[in-house]
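Summary of structural features
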Amino acid sequence: MVTLHDTGHDDGYDNGPVVPLAEFDALFDRLARWGEGALPDERGTLARVDDAARLRALSAARTGRSVGLAWPLDTAAGPDNAHPALHHMVDLGDVEAPEPSCHKDFLGIDYHGKATTHLDAVCHIGYRGRLFGGVEARSVVGAGGSRWGSVDRLSAGMVLRGVLLDVPAVRGVDWLEPGTAVHADDVAAVAEALGVEVGEGDAVLLRTGHAGRRRALGAWDAGAASAGLHVDAVPWLAGRGTVLLGSDGDSDVRPSPVLELHSPVHALALTALGMPLLDNLDLEELSAACAQEGRYTFALVVAPLVVRGGTGSPVNPVAVL
């Protein structure tokens with residue numbers, strides 16, 4: 001167990017209690033099930049998902065209603081989008097032979113950040129110089145990408161049972177304010193209130209209302225302040241067999257409750273557990289659909305781009321209720 005302390009913050013955020021670095025390291029070491037033996041599967045937790053698990057996941061779809069969970073690619077700079085996506089036409093029907101006319105466009109995306117919906121592969125985050133499995137980061141990550149745990153190892157995609165943990169819906173608010181931590185007991189209480197049980201092989205999606213707040217009030221620097229999980233929630237998820245974690249932020253509460261680390265949930269999920277992450281989901285339509293259907297489980301399909309050596313990929317996850 002992590003010992004919890006006073007927040008240690010005087011910035012007004014509800015992101016504590018602070019976890020001292022030594023206690024975070026002890027938690028990391030407890031969750032990291034890799035040692036000095038053979039390397040684990042590069043797919044991390046997703047290696048536990050077999051054909052039978054995918055068939056069970058498909059059975060979570062009952063009505064066939066589908067909901068896309070990605071934000072549109074954002075080509076405008078803003079406080080949460082320092083590197084906007086690039087999109088321009090390269091053929092307006094005036095380059096190739098005239099009939100039939102052909103229209104082509106170019107996309108360029110710096111997707112790791114706060115504005116693009118994307119998947120983090122396990123090689124995205126290192127801690128204490130190591131990637132998931134204990135692999136030395138500098139030995140496998142270079143200018144050409146990563147030779148360990150890269151996103152192309154997930155080329156078969158993900159078909160999982162999804163569970164939406166809709167915190168604002170349970171609390172009766174539109175959204176959680178930036179800097180609000182969601183703790184293990186909060187996660188358990190939300191699951192109970194929504195009548196769901198998180199089980200082996202599930203994908204857990206945490207809704208904080210980030211997308212709704214952004215639409216209503218405008219963008220803000222989500223790297224400085226955003227609602228998300230406190231580190232004490234990660235053992236709860238790991239203990240129930242979660243294989244994929246996603247959020248409408250990036251899962252980490254910000255500011256971080258571990259003062260020395262900017263993304264402690266990323267380190268625990270990706271590096272200690274080998275659990276890929278979905279960042280910057282738009283969960284507003286899914287929240288409404290789940291409320292209308294009276295259930296918070298569904299089939300979730302995620303298909304990343306096959307980028308050799310890639311540390312992740314833009315994605316448009318689809319929930320099928």
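So, how was this worked out
All residue numbers refer to position in the chain's written sequence, counted from 1. Residue-level local features of this predicted model are given only where pLDDT is at least 70; pairs of side-chain atoms are given and counted only at 80 or more, and the full residue set underlies all totals for whole chains, interfaces and linings. The basis for every side-chain value is the complete set of heavy atoms in the structure, and neither hydrogens nor water enter the calculation. Numbering goes from the N terminus for both helices and strands, where a helix is a DSSP run of H or I of at least four residues and a strand is a run of E of at least two. The atom set for the radius of gyration is the C-alpha atoms, and the globule formula is 2.2 Å times the number of residues raised to the power 0.38. Working definition: with a 1.4 Å probe on protein chains only, accessible area under 20% of the residue-type maximum means buried, over 50% means exposed, and in between means partly exposed. What makes two residues a contact is simply this: any of their non-hydrogen atoms within 4.5 Å. The Shrake-Rupley method, run with a 1.4 Å probe sphere, supplies the accessible areas, and residue values consider only the shown protein chains as cover. Counted as positive: Lys and Arg. Counted as negative: Asp and Glu. His and the chain ends are not counted at all. Where a charge lies is defined by one atom per residue type: Lys uses NZ, Arg uses CZ, Asp uses CG and Glu uses CD. Aromatic rings from Phe, Tyr and Trp, with only the six-membered ring used for Trp, were paired whenever their centres fell within 6.5 Å, and each pair was classed as stacked if the ring planes differed by under 30 degrees, edge-to-face if by over 60, and tilted otherwise. Sitting over a ring, as applied to charges here, requires NZ of Lys or CZ of Arg to be within 6 Å of the ring centre and within 35 degrees of the ring normal. To count toward a patch, a residue needs a relative accessible area over 30% and no salt bridge; like charges are then connected within 9 Å, while nonpolar side chains (Val, Leu, Ile, Met, Phe, Trp, Tyr) are connected within 5 Å. Any carboxyl oxygen of Asp or Glu that lies within 4 Å of a side-chain nitrogen of Lys or Arg is treated as forming a salt bridge with it. Here, the term nonpolar core denotes a set of buried Ala, Val, Leu, Ile, Met, Phe, Trp, Tyr and Cys residues that are joined through side-chain atoms within 4.5 Å.

Next up on the list: the overall build of the chain. Summing up its helical and strand segments, the chain has nine helices and 15 strands in all. The C-alpha atoms of the chain give a radius of gyration of 20 Å, which matches the 20 Å a tight globule of 321 residues would have. With respect to the three principal axes, the spread of C-alpha positions in the chain is 70 × 50 × 45 Å. Sorting the 321 residues of the chain into buried and exposed places 53% on the buried side. For the chain, long-range pairs separated by at least 24 residues make up 77% of all intrachain contacts whose partners lie at least 6 apart in sequence. When the accessible area of the chain is evaluated, it comes to approximately 14300 Å², of which 52% is carbon and sulfur surface. Side chains of the chain give 25 positive and 43 negative charges; the mean places of these two sets differ by 6 Å.

Attention now moves to the packing of aromatic side chains. Applying the stated criterion across every chain yields a total of three aromatic pairs. When the centroid spacing of 5.0 Å and the interplanar angle of 55 degrees are considered together, the rings of F28 and Y127 count as tilted. Of this pair, F28 sits in helix α1 (residues 21–31) while Y127 is found in the loop between β4 (118–120) and α3 (137–140), placing the two residues 99 residues apart along the sequence. The class for F28 is buried, based on a relative accessible area of 1%. A relative accessible area of 11% places Y127 in the buried class. Each member of the aromatic cluster is reached from another via a ring pair, and the members are F24, F28, W34 and Y127. Positioned above the aromatic ring of W71, the side-chain terminus of R214 is 5.4 Å from the ring centre. The lysine or arginine in question, R215, covers the ring of W71, its NZ or CZ lying 4.6 Å from the ring centre.

On the secondary structure map, G249 appears in the loop between β11 (244–247) and α8 (264–273). In this structure, G249 is in contact with H210, D279 and N280, ignoring residues within four places of it in sequence.

As a further point, take a nonpolar patch on the surface. Together, L73, L107 and I109 give the surface a local cluster of nonpolar side chains, amounting to about 240 Å² of exposed area. Position of I109 among the secondary structure elements: in the loop between β3 (103–108) and β4.

What follows covers the nonpolar core. If you look at the biggest cluster of nonpolar residues, it comprises 77 residues, and the most contacted ones within it are F24, L205, L244 and L286. Broken down by element, this core gets its largest block of residues, seven residues, from α8. If sequence neighbours within four positions are ignored, L286 has contacts with V67, L69, L164, L205, F298, A319 and L321.

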